[in-house]
Structure formats: C-alpha cells, structure tokens
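A structural walkthrough
The lines below spell out each chain.
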Amino acid sequence: MKVQPFTIGLVQMRCAADRTENLSRAAHFVREAADRGARVICLPELFQSPYFCQTEDTALFDRAEPFDDSPSLRAMQAVARETRTYLFVPFFERRAAGLYHNSVALVDDRGDIRGLYRKMHIPDDPAYYEKFYFTPGDLGFVAFDTPYGRLASLICWDQWFPEGARLAALRGATVLFYPTAIGWHPYEKETHGAAQRDAWRTVQRGHAIANGMYVAAVNRIGFEPSPTDAQGGLEFWGSSFVADPQGVIVADAPTDEEAILLAEVNPSRLEDVRRNWPFLRDRRIEAYDGLTRRFLDS
C-alpha cells in the first residue's frame, strides 16, 4: 500500500507535580495537534510528572504503572480514540515488584495498544540516576505497522547510539520518534550548554542521514529544581525538532516555550533520498562482527 504524505505532531510541554494536571494538559495538546492535522503524535518522556530521576528515592517507585492497568495509557487511549490519531505515550512501567522500565506505548486511532518499547540504554549521570529506577529493555528495537507506514520509537539516552537507530531502520521504520527529557545543569550551561544542545541535535540529524529516515525528537521545557541540592536542578531545553532523511531540520521549537510542533512526512522524499544515497545497499554486513563486542581488545 502506497502511503500518502501525513502530518506528525510533537507535544513540547512543562510537567507539573500533579499527574492529573499533566494528563489533562497532554490531552488538550493532543486534541489541538489533531485539530491542526496531525495524524501521529508523540508526547515527551515521563510526561506524567517532573523528571524524578534527579535523586534516588525508593518511594518514587510508587509512580510506576502496570502496562495492563495504566491510568496514563487509559487516559491517552480515550484521547486517541476521540481524535482518531496514533499516539506515542511514554510511561513509567511497573512490570513486577522490583522490576521497572522506562517505556513508550503506541496507541492506535481506535484506542488499542499497537505496540510497546522499553528503553534499552539507561544513563547514570549526576541528576540522571536512571539506573536506580529502570531495567534495560528486553523487547529489542522494534517498529510498528500503521496506516502511515512502519513507525518506531526509542527513548532519550537511546539518541546517542547509532546502533538503535540503525536497527529501527532495518526493521523498516520510516519515522523514528525520540520522546526525551534532557536539559542543562545550571552550573554547566554557560560553559558547555551550547555545545551540549548542538551535539544532541547533530547526532540525531546523523541518524536521519545515515538511515534515510525521518527523525522526530520531543523534549519537555522548564526548570525543575533538585529535591536534594539547593544549587542544582535541570533546565530542560525544549528544542524539539523534526529532521528529514537528509538531516534537514523541517520544523523546530524554542528552548523555553510550550509548543505543538507539526511536520509533514512525505514517503516519496524518503524513497528519493535512499535511491540517491543507498547506504543500506552498501553496508558491508559481513565485516561488522565486532559490533557485538564491548571493545575490540588485542
């Protein structure tokens, strides 16, 4: 089936302390994006709350939701059904006692769950203590069939690893979504902030180019103070964007404002770029055995 051009929407938003408020505001933004023509919409990583991984606190595991009984998913399923859109819905997944994932579900336009991805790469940096909370995903790098072609989602820290984007492309994904929560440490912003944000955009544009696919990154905004460090916190840098299969930024959002970012995905553009830049054809797959090793020691 030939897929016609369609519009994707990215919801760049602040995340308040109250889960109900965040779900309500997310639903509002999804409805607005749908009214403006978006058919596939993605929300930011862990949008139900402030980014809680700034500290290690076992009480915060209470925020996790079972996949088969998730209030966040139920709320967004109703909105997807109402708006007749496909939604990528990130959530904190409780799989079992002591076993949790940073996950995203794809909800279809009938409100049914079409697929699940669990974040594979888990960071452990100051104010990003995700290894305390999340088990690495075990579903692989998956892509989901939709009326808009095959779509994939990875999550935040996955953005820095070309292997994940490549495997999503090899699964047939034509659009790769990255729900994200990334920002500046206040004490680093002046010295390193511009370079950090530029690296974040550049590496993802590289994934778009190397794989001949659309890449869409959606981030939150706002300053969220640290619960334990009066001088700390994170200033989320927004800057959500969509890059086309040549890495051209076709839509981007500001660093400090909520936004609904819309971009057209044209499958014929992908086809044309891949015919002229046939990177998948020229891969030397017989020479890549070393990629499955941690390091090539002598």
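What this report covers is the structure whose coordinates are included nearby.

Analysis parameters
- Residues numbered from 1 in each chain as written.
- Predicted model: local features only at pLDDT ≥ 70, side-chain atom pairs only at ≥ 80, totals over all residues.
- Heavy atoms only, no water.
- Helix = DSSP H or I, 4+ residues; strand = E, 2+ residues; numbered from the N terminus.
- Rg over C-alpha atoms; globule rule 2.2 N^0.38 Å.
- Buried < 20%, exposed > 50% of the residue type's maximum accessible area, 1.4 Å probe, protein only.
- Contact = heavy atoms within 4.5 Å.
- Areas by Shrake-Rupley, 256 points an atom, 1.4 Å probe, with all protein chains shown as cover.
- Lys, Arg positive; Asp, Glu negative; His and termini not counted.
- Charge placed at Lys NZ, Arg CZ, Asp CG, Glu CD.
- Disulfide = S-S within 2.5 Å.
- Core = buried A, V, L, I, M, F, W, Y, C linked by side-chain atoms within 4.5 Å.
- Pairing = 2+ DSSP bridges.
- Right-handed = clockwise from strand over helix to strand, strands pointing away.

1. Observations regarding the overall build of the chain
Looking only at helices and strands, the chain has six helices and 15 strands in total. For 298 residues, the compact-globule formula gives about 19 Å, and the C-alpha radius of gyration of the chain, at 18 Å, lands near that figure. Expressed along its principal axes, the backbone C-alpha trace of the chain runs to roughly 55 × 55 × 40 Å. Counting all 298 residues of the chain, 51% fall into the buried class. Contacts spanning at least 24 positions in sequence make up 69% of the contacts within the chain whose residues lie at least 6 apart. Accessible surface, the chain: about 13600 Å² in total, of which carbon and sulfur atoms supply 50%. Here the chain holds 34 positive side-chain charges and 41 negative ones, and the gap between their average locations is 6 Å.

2. A few points about the state of the cysteines
Per the counting criterion, the structure on display carries zero disulfides. Left unpaired, Cys15 is separated from the closest cysteine sulfur, that of Cys156, by 12 Å. Take Cys42: it sits in no disulfide, and the sulfur closest to it among the cysteines is that of Cys156, at 12 Å. According to the relative accessible area criterion, Cys42 is buried, its value standing at 0%.

3. Details of the environment of Phe279
The topology assignment puts Phe279 in helix H6 (residues 279-282). As for Phe279 and Gly212, which are separated by 67 residues in sequence, their C-alpha atoms are 8.0 Å apart.

4. Considerations on the nonpolar core
In this structure, Ile8, Val40, Phe88, Leu176 and Phe177 are the most contacted members of the largest nonpolar core, which totals 65 residues. The leading source of residues in this core is strand E10 (residues 214-218), at five residues. Within the second largest apolar cluster, 25 residues are counted, among which are Met13, Ala33, Ile41 and Leu73.

5. Brief notes about the pairing of strand E7 (residues 149-153)
Most of E7 is tucked away, with four of its five residues classed as buried. Pairing between strand E6 (residues 144-146) and E7: three bridges, direction antiparallel. The residue of E7 that forms the bridge with Phe144 is Leu151. Joining the antiparallel neighbours E6 and E7 is a turn of two residues. Note: E7 against strand E8 (residues 175-179), three bridges, orientation parallel. Bridge assignment links Ala152 to a residue of E8, and that residue is Leu176. For the crossover from E7 across helix H3 (residues 162-170) to E8, the handedness is right-handed.

By themselves, these are just geometric observations and shouldn't be taken as functional.
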